[in-house]
Amino acid sequence: MEQGIQLIDGNGKFNVDGLKDFMTATEFAQSGLSYTIVAIIGSQSSGKSTLMNQTFHTNFEEMDAYKGRGQTTKGIWIAKCSDIDPFTIAMDFEGTDSNQRGEDDRAFEKQSTLFALAIADVVLINMWYKDIGLENAASRPLLKTVFQTPLEHLKADLLKDIEKIWTAVAEPETLCSAPLGEFFNVEITALPHYEFQEEKFKEQVAQLRQRFVHSIYPGGLVGDRQEVEPASGFPLRAEEIWKIIKDNRDLDLPAVKVY
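Residues numbered from 1 in each chain as written. Predicted model: local features only at pLDDT ≥ 70, side-chain atom pairs only at ≥ 80, totals over all residues. Heavy atoms only, no water.

Stated precisely, the cut-off is as follows: UniProt positions are given in the numbering used here, feature names are shortened, and annotations may be inferred rather than shown by experiment.
As annotated in an unreviewed UniProt entry, the chain is GB1/RHD3-type G domain-containing protein from Populus deltoides. The UniProt entry for the chain carries this comment under Sequence similarities (unreviewed entry): "Belongs to the TRAFAC class dynamin-like GTPase superfamily. GB1/RHD3 GTPase family."

## Considerations on the packing of helix α3 (residues 107–119) against helix α8 (residues 234–246)
Our working definition: Axis lines are fitted through C-alpha atoms, for helices just across the contact stretch, and the angle between N-to-C directions can take any value from 0 to 180 degrees. The secondary structure listing takes helices from DSSP runs of H or I that are at least 4 residues long and strands from runs of E that are at least 2 residues long, numbered from the N terminus. In this scheme, a crossing is called left-handed if the near helix is turned counterclockwise away from the far one by less than a right angle; it is called right-handed if the turn is clockwise. We call two residues in contact when some of their heavy atoms are within 4.5 Å. Each residue gets one label: Ala, Val, Leu, Ile, Met, Phe, Trp, Tyr, Cys and Pro are nonpolar, Asp, Glu, Lys and Arg are charged, and the others, such as Gly, are polar.
Contact pair α3 / α8: the axes reach a minimum separation of 10 Å and the direction vectors enclose 140°. Judged by the sense of rotation from one axis to the other, the crossing of α3 with α8 is right-handed. Residues Phe108, Gln111, Ser112, Leu114, Phe115, Ala118 and Ile119 of α3 lie in contact with α8, whose contacting residues are Phe234, Arg237, Ala238, Ile241, Trp242, Ile245 and Lys246. Taken together, the residues of the contact of α3 with α8 sort by class into 10 nonpolar, 2 polar and 2 charged.

## Observations concerning the packing of aromatic side chains
Using the following cut-off: For Phe, Tyr and Trp, where Trp contributes only its six-membered ring, two rings pair if their centres lie within 6.5 Å, and the inter-plane angle classes them as stacked under 30 degrees, edge-to-face over 60, or tilted in between. Only lysine NZ and arginine CZ atoms are considered, and such an atom sits over a ring when it is within 6 Å of the ring centre and within 35 degrees of the ring normal.
Evaluated as defined, the whole model comprises 8 aromatic pairs. Geometrically, the ring pair formed by Phe28 and Tyr35 is edge-to-face, given 5.3 Å between the ring centres and 80° between the ring planes. When the centroid spacing of 5.0 Å and the interplanar angle of 70° are considered together, the rings of Tyr194 and Phe201 count as edge-to-face. In textbook terms, an aromatic cluster arises when at least three aromatic residues are bridged by ring pairs, as seen for Phe28, Tyr35, Phe87 and Phe234. The aromatic ring of Tyr35 is capped on one face by Arg225, whose charged end is 5.5 Å from the ring centroid.

## Thoughts on the environment of Asp9
Condition: The definition of a polar contact used here is a pair of N or O atoms within 3.5 Å, where within protein one atom must be able to donate a hydrogen and the other to accept one, and adjacent residues in sequence count solely through side-chain atom pairs.
For Asp9, the location among the structural elements is in the loop between β1 (5–8) and α1 (16–26). It is 9.6 Å that separates the C-alpha atoms of Asp9 and Glu94, two residues lying 85 residues apart in sequence. Within polar-contact distance, the side chain of Asp9 engages the backbone nitrogen of Asn11 at 2.9 Å.

## Concerning α1
The line we're drawing: Between buried and exposed lies partly exposed: a residue is buried under 20% and exposed over 50% of the maximum accessible area for its type, with that area taken using a 1.4 Å probe on protein chains only. Arc definition: directions from the helix axis to the C-beta atoms.
Three or more residues of α1 are buried, namely Gly18, Leu19, Phe22, Met23 and Thr26. Angularly, the buried residues of α1 cover 140° about the axis, an arc narrow enough to put them on a single face. In this structure, α1 carries Asp17, Asp21, Thr24 and Ala25 as exposed residues pointing more than 90 degrees from its buried face. Tucked inside the fold, the buried residues of α1 contact β1, β3 (76–80), β4 (87–93) and α8. With a side-chain oxygen lying 2.8 Å from the backbone nitrogen of Gly18, the N-terminal cap of α1 falls on Asn15. Glu27 lies just past α1 and shows a positive phi near 60°.

## Concerning the side chain of Asp92
This is how it is decided: Within this scheme the basic residues Lys and Arg register as positive and the acidic residues Asp and Glu register as negative, but His and the chain ends are omitted. Should a side-chain nitrogen of Lys or Arg be within 4 Å of a carboxyl oxygen of Asp or Glu, the pair is scored as a salt bridge.
The residue Asp92 is located in strand β4 in this model. It turns out Asp92 is buried and unbridged, and the closest side chain with the opposite charge, Lys48, is 5.4 Å from it. Polar contacts involving the side chain of Asp92 include one to the side chain of Ser49, which spans 2.5 Å.

## Observations concerning the pairing of strand β2 (residues 35–42)
The criterion, for reference: For two strands to be treated as a pair, DSSP must find at least two bridges joining them.
Taken across its 8 residues, β2 has 8 buried, putting it largely inside the fold. Burial of the side chains of β2 extends over both faces: Tyr35, Ile37, Ala39 and Ile41 are buried on one face and Thr36, Val38, Ile40 and Gly42 on the other. Two strands pair when backbone bridges link them, and β2 and β4 are joined in this way by 6 bridges, in the parallel orientation. Of the residues in β4, the one forming a bridge with Val38 is Ala90. In this sheet, strand β5 (residues 122–126) lies alongside β2 in parallel orientation, the contact comprising 5 bridges.

## Observations concerning the pattern of salt bridges
Pairing is possible between side chains of opposite charge, provided their charged atoms come close. Going through the model one piece at a time under the given rule, you end up with 5 salt bridges. Between Arg225 and Asp121 there is a salt bridge; the shortest N-O distance is 3.1 Å. Of the two residues, Arg225 sits in the loop between α7 (198–210) and α8 while Asp121 sits in the loop between α3 and β5, which places them 104 residues apart along the sequence. Here Glu187 ties to Arg211 by a salt bridge, and the two come within 3.1 Å at their closest N and O atoms. Of this pair, Glu187 sits in the loop between β6 (184–186) and α7 while Arg211 is found in the loop between α7 and α8, placing the two residues 24 residues apart along the sequence. Residue class for Arg211 comes out partly exposed when judged on its relative accessible area of 32%.

## So, the packing of helix α2 (residues 48–56) against α7
So the rule is basically this: What sets the label is the angle itself: under 35 degrees gives roughly parallel, over 145 gives roughly antiparallel, 65 to 115 gives roughly perpendicular, and the rest give oblique.
It is at 8 Å that the axes of α2 and α7 come closest, and there the two elements cross at 65°. Between α2 and α7, the crossing angle belongs to the class labelled roughly perpendicular. Pair α2 / α7 crosses with right-handed handedness. Contact residues: α2 offers Leu51, Gln54, Thr55 and Phe56, while α7 offers Phe201, Lys202, Val205, Leu208 and Arg209. For the contact of α2 with α7, the per-class residue count stands at 5 nonpolar, 2 polar and 2 charged.

Here's what the structure looks like:
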């Protein structure tokens, strides 16, 4: 399994020297335009690191269930994915809704999410079935919906919610009439519970992993991406994007694949 480095710590400090060492150790720069960057975001203790490790054979730190739920990933971590063509970089992000940060310290969550959208070709948003529609539904009716609703219906519900969110937040006015698909390609996948259905989980994760093989080729997961910059420029680009976000400056976000 590939060992990663902490790219940005919990206080927002960018690890310039660590990234240089990472570039040298992995020979990332030599991949030219043949690479993909995959980031994962989601709530704390939702299994993001486990999903990344199982899918990409990385070695991000995972939560120890016997020690209780808590903040495992702090800041943003980066690792090379094993045995995937093209060269693929995985990025593991600190979970949202962290008790450790508290209600009054959500700035890093917003900044890191913007960073994921700006730097990655694919952003995985990890969430539990039980959280679908949580904002507008009580627990018992929600659980009933989850148990009785086929995946296709859940997908439809999620897509409706995503479209509503896009309509509500799209700005400036020039974007309000633009369809979501002009900026994001959204796909939805369901996986069995890792702890209760481990074998099925691993089988389906293996299928998910195959989506990232030859991902940049025509017809691949990100075969339609544009304006790709050489891998050698990744350190400077990542650092500059983070500075822009930290300084609250406007950031032009590229189109990405949201999964």
